[in-house]
Amino acid sequence: MMAGLPSLIHIIVLASAIGTAAEVLTLDTQTMGEAIFANPLMLVNFYAPWCGHSKQLEPEFEKAAEHLRGRVTLAKVDATMEVELTQ
């Protein structure tokens, strides 16, 4: 791990078509597959609620979701609760 990086790195997942949601989707193990199928071009933020970097990213991620509406769907996964998705 590189010095200066948080212990939990925001992992960006890219899959491939056009999403239409304006807000950030909240995903879990039950909804991830369906969300990828419905929104093949999706940017997913794996975050930890206690992480300062995650907290700083949240409002910017929401702004990006609004800006990219209709082109890319943005989603988030609580990595502390959805450990299976972080593997």
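This one's a predicted model, so the numbers in the text were calculated from it and none came from an experiment.

## Examining the overall build of the protein chain
Looking only at helices and strands, one finds three helices and four strands in the protein chain. Going from the N terminus to the C terminus, the protein chain shows its helices and strands as β-β-α-β-α-β-α. In the protein chain, the proportion of contacts linking residues at least 24 apart, taken out of those at least 6 apart, comes to 75%. Of the accessible surface of the protein chain, which amounts to about 5500 Å², a share of 60% is contributed by carbon and sulfur atoms.

## Some remarks on helix α2 (residues 52–67)
For an α-helix, 3.6 residues make a turn, and residues three or four places apart therefore share a direction. Taking 1.5 Å of rise per residue, 16 residues should cover 22 Å, and α2 covers 24 Å from first to last C-alpha, within 8% of that figure. By the largest-angle criterion, Glu58 marks the main kink of α2, which is about 35°, and a proline, Pro59, follows within four residues. Among the residues of α2, Ser54, Phe61 and Ala65 are the ones counted as buried. Those residues of α2 that are buried lie in contact with β3 (42–47) and β4 (73–78).

## What about the pattern of salt bridges?
Evaluated as defined, the whole model comprises three salt bridges. Taking the shortest distance from any N to any O, the salt bridge between Lys63 and Glu60 comes out at 3.4 Å. Of the two residues, Lys63 and Glu60 are both situated in helix α2; the distance of three residues between them amounts to about one turn of the helix. Given a relative accessible area of 53%, Lys63 falls into the exposed group. Its salt-bridge partner being Arg69, residue Glu66 comes within 1.8 Å of it at the nearest N-O pair.

## A short note on the side chain of Asp78
Its location among the elements puts Asp78 in strand β4. The side chain of Asp78 is buried and forms no salt bridge, while Lys76, the nearest opposite charge, is found at 8.8 Å. A polar contact is formed between the side chain of Asp78 and the side chain of Thr80, at a distance of 2.5 Å. If sequence neighbours within four positions are ignored, Asp78 has contacts with Tyr47 and Pro49.

## A short note on the environment of Met42
Mapped onto the elements, Met42 comes out in strand β3. For Met42, a relative accessible area of 2% corresponds to the buried category. For Met42 and Val72, which are 30 residues apart along the polypeptide, the C-alpha to C-alpha distance reads 5.7 Å.

## Focus: the pairing of β3
The buried fraction of β3 amounts to five of the six residues, a majority that puts the element mostly inside the structure. Examined bridge by bridge, β3 and β4 share six bridges and lie parallel to one another. Considered in β4, the bridge of Tyr47 is made with Asp78.

The rules we used
- Residues numbered from 1 in each chain as written.
- Predicted model: local features only at pLDDT ≥ 70, side-chain atom pairs only at ≥ 80, totals over all residues.
- Heavy atoms only, no water.
- Helix = DSSP H or I, 4+ residues; strand = E, 2+ residues; numbered from the N terminus.
- Contact = heavy atoms within 4.5 Å.
- Areas by Shrake-Rupley, 256 points an atom, 1.4 Å probe, with all protein chains shown as cover.
- Expected span 1.5 Å × (residues − 1).
- Bend = angle between axes of the 7 residues up to and from the residue.
- Buried < 20%, exposed > 50% of the residue type's maximum accessible area, 1.4 Å probe, protein only.
- Salt bridge = Lys/Arg side-chain N within 4 Å of Asp/Glu carboxyl O.
- Lys, Arg positive; Asp, Glu negative; His and termini not counted.
- Polar contact = N/O pair within 3.5 Å; in protein donor to acceptor, adjacent residues only side chain to side chain.
- Pairing = 2+ DSSP bridges.

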